[in-house]
Amino acid sequence: MPLGAVLGLSDPADSDWARLRGLQYATLRRAVGARLSTQAAGALATAMLLIGRIHPGIVLSWVLVVALTQWHACRVDRIVASAPNNRIGREDVRRQTVGAVLAALAWALPLWAFGPFVGAQTLVKLWTVLAMLMAASVILLPAVPMATLVFSGVVGLSAIAWFLFAGSFDMAAIALLFLGIVAMGAVEGARRYLSGQIAEAGIVEKDEVVSLLLREFEEGEADWLWQTDTSRRIRSVSPRFAFALGRDAGEVEGQPLLQLIAGSAWESGQFPTSLHELAERLKHREHFANLLVRVMIRGDARWWELSGTPRFDANGVFEGYRGVGSDVTQARENSDKIAWLARYDTLTGLPNRTMLTETLGSALQHAAEWRSRCAFLMIDLDRFKAVNDTLGHHVGDQLLARVSERLKEQMTENELCGRLGGDEFAVVIRDASDAGHVDRVAKRVIDRLSQPYEVDHHTLFVGASIGSAVGPRDGSTVEKIMRNADLALYRSKDGGGNLHRTYEPALHAHAEERRKLEAALRRAVEREELNLVFQPVVDAGSEAVVSFEALLRWQSAEHGAVSPAKFVPLAEDTRLIIPIGEWVLRAACKEAMHWPSHIRVAVNVSGEQLLDANFAASVVGALSGSGLPANRLEIEVTESIFLRDATQARAALEQVMALGCAIALDDFGTGYSSLGYLRKMRFSTIKVDRSFVQGAATGNAESLAIIRAVVAMADSLGMSTTAEGAETEKEVRVIRELGCRKIQGFYFGRPLIAKDAEALFRNRSMSDAERGLILTSKARSHH
């Protein structure tokens, strides 16, 4: 047995050591009285040796210390020994060991505290008392070697150290030898104890297994014998059969078998199919085996499994039936439950994907045979992810249950609704021959699901996007219909949600284009098809360039110039945004090194990047690889990242801020704006969305009020403000009047390629204002 296992330092995998530790430490409770008596005797003997040589108050104080440590040790021992289910863990071992250390330190005091003031003979007597206590620990606690070793080690080593200090080398050697004997005795005693406990536990476990098997055999012997005469009346009733019928044997004798097990159906004549089958077998004197029959016993529905054989005498005359039976209700219910779980969703109680596909397959088959139509509606909840991320899965699950209830309300006998998984639901319309029926069902569902929900004192709003496909027009198989409905759903989501879209053949082309675009995007970095352009940001007052925003462009060899609005969402959906985003960081930092030291570069970061575990490392790599100072890099994020995982997003941004980078909040006011994260995060800049800038220029009161509020809030929090999308002189003038500190837009310059951005700063003698003037004049010439 490994020493670590004996001492409680490790738990080998070959046994239930948590339970064995419980058996070990259970001995602590039994030994409490003997231990306290030994400790009290030792303390009394020591006090008698010291009285007359040491002030009584000091001796009494030491006795009190010993009493306190013993009280603490006993208290810990009671807690450990009373562990739930007698299962001891590492923390329990550690707690008990600490108690032993405290007790040992109390007993180490006499030699060092009183040794210089007593004679050598008294010291030898003190050592005798300590040795007695060490030996008693081995004898009284054979199952707990760690406590014994700790106590004996601390006491013994302190004695050895004192003897060496006092020059008593012979006594030090004796103490060392005694300590070694005590240690070996403690380990060997514990090893024997544990070996015995393991063997005993194995025997007990085997006895329990045998007893359990015997008990299960006796209790599970549910078969009974049954016998009928030529009139199908019960004869020779066995006790088990009478018990199964819930009657006395005398009461059952001579009664018709079918009447006894039919219940109320005997009077009404509405027999279950299985009982009809049993009656036919008995009527035609046929042999049957393992026939499953639904019976009624005392008003309760049960399931019996019956086997029977007709009996004939020597002359071939029929004498009745004899057979065996058993109650299989539990097994039948379990089987029904498993079948239900296989076809229904456990959270909502709706049919699951398996049942929906089976129903759709039947509907398609019926439509093909009768030249009619069926339909499949795929439903995806809008804004459900925001609920899950902000309020948690518990609220999300309750919301899904409420959605399922509303969905069932809208169904008729012609429709079946179910849950595909997550926040996706579906409806199978068995007969969709009426061209407008699918639209009507979809509209009912969207209207009902879009109404507010009250969940856990929260008022929640989610919508529903629906895509539909009609069979067999849009597909002759279940797979094609579901795939085409899914394509229509994508179209509905792209349209802003809360819409119903039907499948069109052109969607296949769109899906194929998306697939090819994704394949090309995966190779874009390797082929060096990605490049950056830089849009200037100018000071609102001086119009001097203060920074550039790095914007990603893709010139594909296969697809030509691809709009960021097209490939960036695709990159985020496929998580390609992470490697692409790392490339953008490196490239932007490298280009910024060609600009003056006061010019910053801003890089947009998506939620996928920010929530990636290696985001901070990628920023460090970009800065170190380019040599760009951290204060010249500004990370731009949008409000939406805080809806996914606000804690992780904030932690990632704080890591980047700790490097010295600035953080800008982009498109403020267009999403789920919250003052909470403005208070918790020290953003360097708040960027006002271009929609507010354009609205303010036209005199829109709401836009003006929002910009004023953002500027005032940013100023009070020590943040700067940047107005985006300034394209006209009027917009620039309004922005200045409202107090925005920086402006970005086509009025001051379109995005520049890296060479043109660098060219702005080649003439060192030109002032920043002159550069801004040149940039503005170039931008106006484009207008």
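Residues numbered from 1 in each chain as written. Predicted model: local features only at pLDDT ≥ 70, side-chain atom pairs only at ≥ 80, totals over all residues. Heavy atoms only, no water.

1. Digging into the overall build of the protein chain
So, step 1. Looking only at helices and strands, the protein chain features 30 helices and 21 strands.
So, step 2. Within the protein chain, the fraction of its 783 residues that count as buried is 46%.
So, step 3. Counted over contacts in the protein chain with a minimum sequence separation of 6, partners at least 24 positions apart contribute 64%.
So, step 4. As presented, the protein chain carries roughly 38800 Å² of accessible surface, and 55% of it is formed by carbon and sulfur atoms. (Helix = DSSP H or I, 4+ residues; strand = E, 2+ residues; numbered from the N terminus. Buried < 20%, exposed > 50% of the residue type's maximum accessible area, 1.4 Å probe, protein only. Contact = heavy atoms within 4.5 Å. Areas by Shrake-Rupley, 256 points an atom, 1.4 Å probe, with all protein chains shown as cover.)

2. Overview of the sheet that holds strand β7 (residues 424–429)
So, step 1. Reading across the sheet, the five strands line up as β6-β7-β5-β10-β11 and stay open at both edges, with mixed pairing between neighbours. Because the sheet does not close on itself, it has two edges, and the strands there are β6 (415–421) and β11 (500–502). When strand polarity is set aside, the average angle formed by the axes of neighbouring strands in this sheet is 20°.
So, step 2. Direction of pairing for strand β5 (residues 374–382) relative to strand β10 (residues 463–471): antiparallel, over a ladder of nine bridges. In the strand pairing of β10, Met 378 is matched with Gly 467.
So, step 3. Sitting on the sheet, helix α14 (residues 353–370) touches β5, β6, β7 and β10, and the angle it makes with β6 is about 140°.
So, step 4. Together, β5, β6, β7, β10 and β11 form the strand contacts of helix α17 (residues 437–449), whose direction differs from that of β5 by roughly 20°. (Pairing = 2+ DSSP bridges. Axes fitted to C-alpha atoms, helices over the stretch in contact; angles between N-to-C directions.)

3. With respect to the packing of helix α5 (residues 120–140) against helix α6 (residues 145–166)
So, step 1. Following both chains from N to C, one finds α5 and α6 inclined at 160°, their axes separated by 9 Å at the closest point. Classed by the angle they form, the pair α5 and α6 counts as roughly antiparallel. Between α5 and α6 the crossing geometry is left-handed. Contacts between α5 and α6 pair Leu 123, Trp 127, Leu 130, Leu 133, Met 134, Ser 137 and Val 138 from the former with Thr 148, Phe 151, Ser 152, Val 155, Gly 156, Ala 159, Trp 162 and Phe 163 from the latter.
So, step 2. Within the contact of α5 with α6, the residues separate by chemical class into 11 nonpolar, four polar and no charged. (Parallel < 35°, antiparallel > 145°, perpendicular 65-115°, else oblique. Left-handed = near helix turned anticlockwise from the far one by under 90°. Nonpolar A, V, L, I, M, F, W, Y, C, P; charged D, E, K, R; others polar.)

4. Digging into the confidence of the model for the protein chain
So, step 1. For the protein chain, the average pLDDT comes to 83, and 87% of its residues sit at 70 or higher.
So, step 2. Highest mean pLDDT in the protein chain belongs to β7 (96); lowest belongs to helix α30 (residues 768–782) (55).
So, step 3. This model gives residues 209–221 a pLDDT under 50, and the stretch forms four contacts once residues within four places in sequence are excluded. (pLDDT = per-residue confidence, 0-100.)

5. Concerning the pairing of strand β17 (residues 662–668)
So, step 1. Most of β17 sits inside the fold, with six of its seven residues counted as buried.
So, step 2. Sheet topology places strand β16 (residues 633–638) next to β17; five bridges connect them, and they run parallel. Note that in β17 the partner of Ile 635 across the bridge is Ile 663.
So, step 3. Inspection of the sheet shows β17 paired to strand β18 (residues 685–688) by three bridges, in the parallel sense. Within β18, the position partnered with Leu 665 by the bridge is Ile 686.

6. Details of the nonpolar core
So, step 1. If you look at the biggest cluster of nonpolar residues, it comprises 83 residues, and the most contacted ones within it are Phe 548, Leu 633 and Val 637.
So, step 2. Looking at which element gives the most residues to this core, the answer is helix α21 (residues 577–592), with nine residues.
So, step 3. Of all hydrophobic cores here, the second largest spans 36 residues; its members include Ala 43, Trp 62, Val 138 and Ala 186. (Core = buried A, V, L, I, M, F, W, Y, C linked by side-chain atoms within 4.5 Å.)

7. Comments concerning unusual backbone geometry
So, step 1. The residue after Gly 471, namely Pro 472, is reached through a cis peptide bond having omega 0°.
So, step 2. Residue placement: Pro 472 occurs in the loop between β10 and α18 (478–494).
So, step 3. The phi dihedral of His 457 falls on the positive side, at around 65°, and the residue is not glycine.
So, step 4. Position of His 457 relative to the elements: it lies in the loop between β8 (453–455) and β9 (458–460).
So, step 5. The class of His 457 is exposed, set by a relative accessible area of 84%.
So, step 6. Of note in the backbone geometry, Glu 543 takes a positive phi value of approximately 60° without being a glycine.
So, step 7. Looking at the secondary structure, you find Glu 543 in the loop between β12 (530–539) and β13 (545–556).

8. Here's the deal with a nonpolar patch on the surface
So, step 1. A surface patch of nonpolar side chains, amounting to about 230 Å² of accessible area, comprises Val 98, Leu 102 and Leu 105.
So, step 2. In this structure, Leu 105 sits in helix α4 (residues 90–114).
So, step 3. Taking the relative accessible area as the measure of exposure, Leu 105 reaches 45% and is therefore partly exposed. (Patch = residues over 30% accessible without salt bridge, like charges linked within 9 Å, V, L, I, M, F, W, Y side chains within 5 Å. Salt bridge = Lys/Arg side-chain N within 4 Å of Asp/Glu carboxyl O.)

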